[in-house]
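A closer look at the structure
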Amino acid sequence: MSAANTAESADFRGPLDITRAATVVLDADSTVIGWSPAAAELLGYEPAEALGRPLSAFLSVHPVGGTPPAAAAEASGVSEASGVSGAPAPTGIGPPSLVGNEIHVAHARDGRELLVATATCPLPGGAADRGPGAPDRILVAAEVGELRHWESRLALLQGLATQSPVGLAIYDTDLRLTWCNTAYEREIGQPLAAFRGMRADELYGGGSFVTPGYPQTLDGVMHQVLDTGEPVLDLNFRAQQPSDPGRDHLWSCAYYRLEDAHGHVFGVCEDAFDVTDRYRVQERLALLVEAGRRIGTVLDVATTAEEIAEVAVPDFAATVRVDVTRAAMTGETAAVGSAADMSLLRVADRSEPGIATPDPGLPEPALPDADRPDPEGHGPGLPDDPGAPGPGVADPGPLDSADAEGGSRGVPGAAGSRDADRHPYPPVVYPPGSPQHRSLSSGGLVLDEGTLVVPLRAGGGILGLVTFDRGVGPDTSGQPPAPDRATTFDNGEVALADELAARAAVCIDNARRYTRERTASLALQRQLLPHHLPPQSAVRTAYRYLPADDVTGVGGDWFDVIPLSGTRVGLVVGDVVGHGLQAAATMGRLRTSVRAFAQLDMAPDELLTRLDDLVGQPAEEPPDAYGGAVETYDVTTGATCLYAVYDPVSRRCVMARAGHLPPAIVDPDGAVSFPDLPAGPPLGLGGLPFESMEFELPVGSLLALFTDGLIEARDHDIGHGLDTLGRVLTDRSASLEELCDRAVSELVPGGTSADDTALLLVRTRELDAERVAHWELSAEAVSVGRARELATGQLEAWGLEELVFATQLVVSELVTNAVRYAGGPLGLRIIRDRTLVCEVADTGHTSPHLRHSAEDDEGGRGLFIVAQLVQRWGTRYTPTGKTIWTEQALPPADGG
């Protein structure tokens, strides 16, 4: 804008002002006796040409009452020569804004006709006393378009002063109020006269600017504008409005310096618009964004409930309490029914410091201090919590074990439980008529003064309640609430609370579902893996199990230690393709099959052959209820397995593998080897037979059976992992538990790997020769009596006289059957271990069968009697025949 335009825009003299308008002095006969320069500029006549001529030579005699001539309309509306652009053609006596002024057609010297507004002012004195040529009145004229433009500016100023919703105020250079508009008066709540001359900081005491980069006080900002002359725009100012005490408002303010026509500074103008509602909407949106970021970070019901309270306090409410149904805490389906059927637990309780709000569901005397949640909203733990923390919460750690001397240290796959001495979340019971009880009964939110109760709903059921309390009562020191604290919830805040509760309910429902699925997965894992490894005379054991799926805590790798006949032990490790629940279920099927085949005393190669046949059979699932086939993904094919049998009497070990890695063997001298076992194909693929390898293990040898998840990783190959494992296992001074920990820490440093990890360490033992007695017998009838004598003598030597009678019957029956139905030579072996083992070996390949004899049968009752006298019995086939074995419990006084 140019300087001329600036000066013109700052000139508030009207177009009919005598100092600006075309001024004509008339006598009583309407003769021109005075002609101003502005009149000469408007009509083009110089004073010499105009003086002495009648007014009618320049203006129409009568005011315009109809449509003006086309030339006049063109001159006033569209003629560029008139200097007025865009003025609409007047109708009647002119636009309403020009009522009170006469509209005439003026005749310019160049022939143009102009539409002008005129006003007449009579001079003092009577017209009769004035003769011709004496001044009688003054007429001023201005173009209609210019007058309308000026009156529009006046209307604008009038609107800003009386109708604008923006508060306007003018402060002098001492920052004292000199003028304000009606909107500003409404904010103050008094007329201007009551507070004129006051400073801004006196009117809005305690307020401050929240926009960074500017002074925080009104005086500071205004001084900056007065000193620099730079206007500022959109500064956010927070304070309590004088006409609305007790509630903070936010204004968007602008400031600019005021100068007179000569450039002298005389004050500063303030424009302030109340944006409180808009700001609150932005705050609510920001709170929702924060809730989306902070609520539901882990799949844990209690943690999610605490996050709700943390987000809402203190920005939204002074106190937030979250009550969750007991069913949701344990992972059960959301409660559906009346309030009386819902058992609620106080899971989170957070309050703004110094704020005390009544709690109708948990009266003060009801619980000791130890049972109460702490002020930070963390309640005491739930005992035997079935849902362990989800992702983002510390996990109990890898599954571990103890060797035979130390007992069991853990349950495979079990999640760590909370300390038994921690109290449960306190139950809450709301009395009838309370907002919470009404919310449970109706299933909807309830607003009761400063308390808002919103149900947590998901899947048509109620998961709990969230109580938002504004703290309308006194605080803990007995003081009333601060005057700037909102004591109730408006409609927007009620909608915000409903949205917060809806989002929280989804997160809690997800955590509930996770808790249920994890509980089911862990229960399955406990059933599929051994609960503990019982002590064995043949070996000492320790193990570690780390599933790759840290969400469910289950995987497809497995291990087992199976007691076999003759004090032997079966050692198994296997790996199923994939991870998670389905792999764990497949692992359970294979483990059960291996244990069943092992109890039949199968050789390792035969056991793997039977297992391979079982896996290779196509799974035929029954059709579902709609007649379609149930589609399943078979993860059994491709599974690997290693099975070994160790005999502590002979110190011989036989093993075979189906696509699995060979074990590591560390002899008593510390030398590590990985035997080159024949590599059979993975299970279910078929094609090649399985072969066993047998070798002798010195007493104290260490066997390490493991899956590829232990030694294989993204940052190194299997060879590096085998070398590291061998180096760890060579430490003879470390216990099996220490070796397990070192192997896991070095090979799986993060505690998790891309694949499931299983490690089984076995230290071999030898059964003392004093505990084993063996005799060779001929296949003759006389051998029956000889066998009884030998067994009786050995039992008496061991001090087991209580078992002599039963053992004589067992030996007599087994030797008699061998003489009668098999052939010699015969072998009799008695082993005193944790049980008394009697074995009779022959060259036959037919196993006796237990049967019930009829009343008239002369035989067939011997084996039935034997079965009643022993704990268990069975048949074990060997390359030279078979062995019938029995086990009897030792007397309680005998420690074995």
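The coordinates are above.
Residues numbered from 1 in each chain as written. Predicted model: local features only at pLDDT ≥ 70, side-chain atom pairs only at ≥ 80, totals over all residues. Heavy atoms only, no water.

1. Some words on empty space enclosed by the protein
Applying the stated rule across the entire model yields three cavities of 30 Å³ or more. Volume-wise, the largest cavity comes out at about 90 Å³. Forming the walls of the largest cavity are 13 residues, and the residues nearest its centre are Val24, Trp35, Leu43, Leu59 and Ala141. Of all the secondary structure elements, the ones that give two or more residues to the lining of the largest cavity are β1 (22–26), α2 (37–43) and β5 (137–143). By residue number, the principal contributor to the lining of the largest cavity is α2, which donates three residues. Partitioning the lining of the largest cavity into residue classes produces 13 nonpolar, no polar and no charged. Along the walls of the second largest cavity sit Tyr184, Glu187, Tyr204, Leu218, Phe237, Trp251, Cys253, Glu270 and Ala272, which together make up its complete lining. Counting only elements with at least two residues in the lining of the second largest cavity, the list comes to α6 (182–188), β10 (244–259) and β11 (265–274). Along the lines of polarity and charge, the residues of the lining of the second largest cavity split into seven nonpolar, no polar and two charged. (1 Å grid on protein atoms, 1.4 Å probe; cavity = no way out; pocket = protein on both sides within 12 Å on 5 of 7 lines; lining within 4 Å. Points joined across faces, edges and corners; volume = space filled by probe spheres on them. Helix = DSSP H or I, 4+ residues; strand = E, 2+ residues; numbered from the N terminus. Nonpolar A, V, L, I, M, F, W, Y, C, P; charged D, E, K, R; others polar.)

2. Regarding the sheet that holds strand β33 (residues 872–878)
In a beta sheet, neighbouring strands pair by backbone hydrogen bonds and run either parallel or antiparallel. With antiparallel pairing, the five strands of this open sheet are ordered in space as β30-β31-β32-β34-β33. Each having just a single partner strand, β30 (772–777) and β33 make up the two edges of the open sheet. Strand-to-strand, the axes of this sheet are offset by a mean angle of 15°, without reference to chain direction. Helix α20 (residues 782–798) contacts β30, β31 (826–832) and β32 (835–842) of the sheet and is inclined by roughly 165° relative to β30. (Pairing = 2+ DSSP bridges. Axes fitted to C-alpha atoms, helices over the stretch in contact; angles between N-to-C directions. Contact = heavy atoms within 4.5 Å.)

3. Brief notes about the environment of Leu790
Mapped onto the elements of the fold, Leu790 is located in helix α20. Look at Leu790 and you get buried, because its relative accessible area is 13%. Setting aside its immediate chain neighbours within four residues, Leu790 contacts Trp775 and Leu777. (Buried < 20%, exposed > 50% of the residue type's maximum accessible area, 1.4 Å probe, protein only.)

4. Focus on the packing of aromatic side chains
What the rule picks out here adds up to eleven aromatic pairs. Both rings, one in Tyr45 and one in Phe58, keep their centres 5.0 Å apart while their planes meet at 75°; by these two values the pair is edge-to-face. Of this pair, Tyr45 sits in the loop between α2 and α3 (47–50) while Phe58 sits in the loop between α3 and α4 (70–77); the two residues are 13 residues apart in sequence, bridging distant segments of the chain. With relative accessibility at 12%, the residue Tyr45 sits in the buried group. Cluster of aromatic residues (ring-pair linked, three or more members): Tyr204, Phe209, Phe237, Trp251 and Tyr255. (Phe/Tyr/Trp six-rings, centres within 6.5 Å; stacked < 30°, edge-to-face > 60°.)

5. Considering the nonpolar core
Soluble globular proteins tend to pack their nonpolar side chains together in the buried interior. By size, the foremost hydrophobic cluster in this structure holds 51 residues, and its most contacted members are Trp558, Leu571, Leu607, Cys653 and Leu703. Looking at this core element by element, the count peaks at seven residues for helix α15 (residues 580–599). Judged by nonpolar contacts, the second largest core, of 41 residues, contains Ala305, Val322, Ala505 and Ala511. (Core = buried A, V, L, I, M, F, W, Y, C linked by side-chain atoms within 4.5 Å.)

6. Let's talk about the pairing of strand β6 (residues 167–171)
On any regular strand, side chains alternate: one points to one face of the sheet, the next to the other face. Most of β6 sits out of view: four of its five residues are buried. Here β6 pairs with β11 via five bridges, running antiparallel. Counterpart to Leu168 in the pairing with β11 is Asp271. Across three bridges, β6 lies against strand β7 (residues 177–180) in antiparallel orientation.

7. Overview of the environment of Glu307
With respect to the helices and strands, the residue Glu307 is situated in helix α11 (residues 301–312). Sequence spacing of Glu307 and Ala291 is 16 residues, and the spatial spacing of their C-alpha atoms is 8.4 Å. Not counting chain neighbours up to four residues away, the residues in contact with Glu307 comprise Arg294, Ile295, Gly296 and Thr297.

8. Topic: the layout of surface pockets
If you add up the space inside the largest pocket, you get close to 1,000 Å³. Lining the largest pocket are 38 residues, with Arg568, Arg876, Tyr877, Thr878 and Thr883 sitting closest to its centre. Those elements that place two or more of their residues in the lining of the largest pocket are α16 (604–616), β22 (640–647), β23 (652–658), β30, β31, β32, β33 and β34 (881–889). In terms of residues, the lining of the largest pocket owes the most to one element, β33, which gives five residues. For the lining of the largest pocket, the class distribution of residues is 15 nonpolar, ten polar and 13 charged.

9. Examining the packing of helix α21 (residues 804–821) against helix α22 (residues 862–869)
Packing of α21 against α22 leaves a shortest axis separation of 10 Å and a crossing angle of 145°. In the crossing of α21 with α22, the sense of the turn from one axis to the other is left-handed. Of the residues in α22, those touching α21 at Ala806, Leu809, Val810 and Glu813 are Gly862, Leu863, Val866 and Leu869. For the contact of α21 with α22, the residue count by class is six nonpolar, one polar and one charged. (Left-handed = near helix turned anticlockwise from the far one by under 90°.)

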